[in-house]
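An overview of the molecular structure
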Amino acid sequence: MPGKSEWLDEFDRAIHKLKIDVLVNQIEREKGYPNPYDVFSTRDFVLDDKWSQRTKFVTFPLAHIHSYFRYVPCSPNFGAFHLEFLRFQLLFYLKKMKQLFFYIKGQNSFRKTTPMNKINFDTYKNIGFHDEMFAEEGKARPHCELLKEHLEEMGWEKLNFLQHATDRAQLSLGMTFNVYSDNQGIERILHLDIIPRIISGKDWDILEKGLTQRIVALNMFIGDVYNEQKILKDKIIPQELVLSSATYLKQCIGLKPPKNVWCHITGSDLIRGDDGNFYVLEDNLRCPSGVSYMLENREILKRTFPELFEQLRVRPVYNYAHNLRDMLESLTPIPGATIAVLTPGIYNAAYFEHAYLAQQLGAELVEGRDLVVENDFVYMITTKGLKKVDVIYRRVDDDYIDPLIFKKESLLGTPGLFNAYRKGNVVLVNAPGAGVADDKAIYAYVPRIIKYYLGEEALLPNVKTYICAEGSDLQYVVENIDQLVVKQTDASGGYGMLIGPKSTKSERIEFIKKIKGRPRNYIAQPMINLSRVPTLTESGIEGRHVDLRPYILYGKDIKIVPGALTRVALKKGSIVVNSSQGGGSKDTWVLDS
């Protein structure tokens, strides 16, 4: 009778004889099915005759796989994930069959599962931070109990298989972003951690009300500072602070956008502190990015944990694209309006998202050179001639949309575009000039802005902020820079920032010089211990810091899909969640109340 190592070798040889690559190639060739519901069969997965005769019991698990994966959709959106999922499910079952094989042959060393195969949260550390899944005593919070049980039943082996399948699926779907400072290559995936973040329905309802209040007030603020400037005359906010902002556009003075809406799409960044409460960290009202990852993360995760997804009654996010299209169409009286997504081009960090959203919206994807302005109307150049464009969802910053009005050296915009907009012949989303409200110095005054325009207290609090343009705040920041997080007011993506407690003395000295040289350009905030959620790492499941970016649409009314992009700091101990700084993402599951 063959020994243990011989059986292993023979079984491994049989695994390699599976016709996996044949099926994979077949699927890849047939990815472009005209009918998205066409299917393929797994009948080609067979072992060679000699092996099947010697170990007939192996056919039972294979039959189970055949039944489970009998029909798999081959649509462009879902086929890539199913392909990887199928590949790793097969390998997972084959390894289980190997254990069963040795059990039958009397090799009892494979009978029991090793400790590393079982997920145990007893060693999970949640001391010193607010953990969103576990309370201080180590027990799962009520809305996370099912997730904990599901992970424990799954085990390490399958969890790692699913994570690897998810990584491969992201690459297959093209879910990449560019890093301009990376000399080793410009494309990488925004790593999706397979363990979802769960938010209770009660918490989400609070966030939804607070965000709605905030966006209404900010929209009124933008309209005011470009027209009557009542809030400046009433000295609620320093006039110089607003007018000196790099994002305040004098060209927009007197402008009134369609429906008086400036901030059509907003992505506000929220964090959860040690007390378990949510705080607004900053507002993004220019070209907020990341929503495509929220949508694609959901498509992947709900197919990774289908039973758990259904049991938890997770609120859907699939209607975001429909809501976005409805919002864009509501801004123009033209029936059947032509909508275009304006992108800087393939080298932009978020180009995947631009292409994805255009496809989801049924809109045209254009660059500035694809558009022309004639008689103050905007047209798209096509093979059939010029086609009028009515609404432009722009992903190009204000300074680059029109070289005749803003930066003359810009090659990303279209000459005459801004004048066409001012005359009401095209709609731009978001409106030029809206970025004044996401200036990090203006952010500190948002609670007062809400009180001034709405007569209400802010439902979502700010993080304490020191404005370096103010003398007393400047002195405090310089003296306590080692305890603060300092940010450049017009920067984003984790750039232009100093994390005092983690900085060196030379870095702090250099930053103090920058602050004193241009104090208006900097603000500072105390370092907050962001909440943590369980994350799959090379060392197992450990807590990692996260933030939350919900997306708010403002057209005829305000709509917020019950979901968000959760960004996670993958490096142990790091609080920087930005993708450009090595951060990843999670799917955010908002539960029914």
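Residues numbered from 1 in each chain as written. Predicted model: local features only at pLDDT ≥ 70, side-chain atom pairs only at ≥ 80, totals over all residues. Heavy atoms only, no water.

1. A closer look at the overall build of the protein chain
- A tally of helices and strands in the protein chain yields 19 helices and 21 strands.
- Taking all 593 residues of the protein chain together, 54% fall into the buried category.
- Long-range contacts, defined as pairs at least 24 residues apart, comprise 70% of the intrachain contacts of the protein chain with a sequence gap of at least 6.
- When the accessible surface of the protein chain is split by element, carbon and sulfur atoms take 50% of a total near 27200 Å². (Helix = DSSP H or I, 4+ residues; strand = E, 2+ residues; numbered from the N terminus. Buried < 20%, exposed > 50% of the residue type's maximum accessible area, 1.4 Å probe, protein only. Contact = heavy atoms within 4.5 Å. Areas by Shrake-Rupley, 256 points an atom, 1.4 Å probe, with all protein chains shown as cover.)

2. What to know about the layout of surface pockets
- If you add up the space inside the second largest pocket, you get close to 540 Å³.
- Forming the walls of the second largest pocket are 23 residues, and the residues nearest its centre are Thr123, Ser539, Gly540, Ile541 and Glu542.
- Counting only elements with at least two residues in the lining of the second largest pocket, the list comes to α7 (156-173), β18 (532-537) and β19 (540-554).
- Among the elements that take part in the lining of the second largest pocket, β19 stands out by supplying six residues, more than any other. (1 Å grid on protein atoms, 1.4 Å probe; cavity = no way out; pocket = protein on both sides within 12 Å on 5 of 7 lines; lining within 4 Å. Points joined across faces, edges and corners; volume = space filled by probe spheres on them.)

3. Some words on the environment of glycine 435
- Here glycine 435 lies in the loop between β13 (427-429) and α16 (440-443).
- Classification of glycine 435 by relative accessible area gives buried; the value is 1%.
- Spatially, the C-alpha atom of glycine 435 lies 8.6 Å from that of cysteine 263, the residues being 172 residues apart in sequence.
- Here glycine 435 is in contact with Thr247 and Arg286, once residues within four sequence places are set aside.

4. Points about unusual backbone geometry
- Across the junction of valine 429 and asparagine 430, the peptide omega takes the value -5°, indicating a cis bond.
- Inspection of the secondary structure puts asparagine 430 in the loop between β13 and α16.
- Phi angles above zero are rare outside glycine, and glutamine 229 is one such case at about 60°.
- Position of glutamine 229 relative to the elements: it lies in the loop between α8 (201-225) and α9 (230-233).
- The phi angle at lysine 259 is positive, at roughly 65°, despite the residue not being glycine.
- For lysine 259, the location among the structural elements is in the loop between α10 (239-243) and β4 (265-267).

5. What to know about the pattern of salt bridges
- With the rule as written, the count across this model stands at 27 salt bridges.
- A salt bridge links arginine 272 to glutamate 132; the nearest nitrogen and oxygen atoms lie 3.8 Å apart. You can see arginine 272 sitting in strand β5 (residues 269-272) and its partner glutamate 132 sitting in the loop between α5 (79-104) and α6 (145-154), a full 140 residues away along the chain. Across this residue pair, the class does not change: arginine 272 and glutamate 132 are buried.
- The partner of arginine 395 in a salt bridge is glutamate 353, with the nearest N and O atoms 2.9 Å apart. Taken together, the residues arginine 395 in the loop between β12 (391-394) and α15 (417-422) and glutamate 353 in helix α14 (residues 351-361) connect sequence positions 42 residues apart. Of the two residues, arginine 395 and glutamate 353, neither departs from the other in class, the shared state being buried.
- Overlapping salt bridges bring together Glu132, Arg197, Asp203 and Arg272 as one network. (Salt bridge = Lys/Arg side-chain N within 4 Å of Asp/Glu carboxyl O.)

6. Re the sheet that holds strand β7 (residues 339-342)
- Judged by pairing direction, the sheet is parallel, and its four strands sit side by side in the order β8-β7-β12-β13 without closing on themselves. Among the strands making up the open sheet, the edge pair consists of β8 (364-366) and β13. Strand after strand, the sheet turns through a mean of 25° between neighbouring axes, direction not considered.
- In the sheet, β12 pairs with β13 via three bridges, with the strands oriented parallel. Within the sheet, the bridge partner assigned to valine 391 lies in β13 and is valine 427.
- Contacting β7, β8 and β12, α14 crosses the sheet at an angle of about 150° to β8. (Pairing = 2+ DSSP bridges. Axes fitted to C-alpha atoms, helices over the stretch in contact; angles between N-to-C directions.)

7. Things to note about the nonpolar core
- Grouped together as the largest cluster of nonpolar side chains are 75 residues, with contacts concentrated most on Phe221, Ile222, Tyr226, Ile237, Val242 and Ile392.
- Residue contacts for isoleucine 222: discarding those within four places in its chain leaves Trp262, Leu285, Gly433, Ala434, Val436 and Ala437.
- Listed in part, the 59 residues of the second largest apolar core include Leu173, Leu301, Val561 and Leu591. (Core = buried A, V, L, I, M, F, W, Y, C linked by side-chain atoms within 4.5 Å.)

8. A word on the sheet that holds strand β14 (residues 466-467)
- Taken together, four strands build an open sheet; the order of strands is β14-β17-β15-β16 and the sheet is antiparallel. Of all the strands in the sheet, the pair left with one neighbour each is β14 and β16 (497-499).
- Taken together, the five bridges between strand β15 (residues 484-488) and strand β17 (residues 522-526) define a ladder with antiparallel strand orientation. Bridge pairing links lysine 487 to isoleucine 523 in β17.
- Contacts from helix α19 (residues 505-517) reach β15, β16 and β17, with the element oriented near 140° to β16.

9. With respect to the confidence of the model for the protein chain
- On average, residues of the protein chain carry a pLDDT of 83, and 78% of them reach 70 or more.
- Between residues 14-78, whose pLDDT stays under 50, and residues either more than four places distant or in other chains, the model counts 83 contacts.
- Counting contacts from residues 98-115, a segment whose pLDDT is below 50, to residues more than four positions away or on other chains yields 22 contacts. (pLDDT = per-residue confidence, 0-100.)

10. Digging into the side chain of serine 200
- Position of serine 200 among the secondary structure elements: in the loop between β3 (192-199) and α8.
- A relative accessible area of 15% places serine 200 in the buried class.
- In terms of polar contacts, serine 200 uses its side chain to reach the backbone amide nitrogen of aspartate 203, at 3.2 Å.
- Setting aside anything within four residues of it in sequence, one finds serine 200 in contact with His143 and Leu591. (Polar contact = N/O pair within 3.5 Å; in protein donor to acceptor, adjacent residues only side chain to side chain.)

11. Here's the deal with the side chain of arginine 298
- Its location among the elements puts arginine 298 in helix α11 (residues 291-304).
- For arginine 298, a relative accessible area of 4% gives the class buried.
- A polar contact is formed between the side chain of arginine 298 and the side chain of aspartate 587, at a distance of 3.0 Å.
- The residues contacting arginine 298, other than those within four sequence positions of it, are Phe309, Val314, Arg315, Pro316, Val317, Asp587, Thr588 and Trp589.

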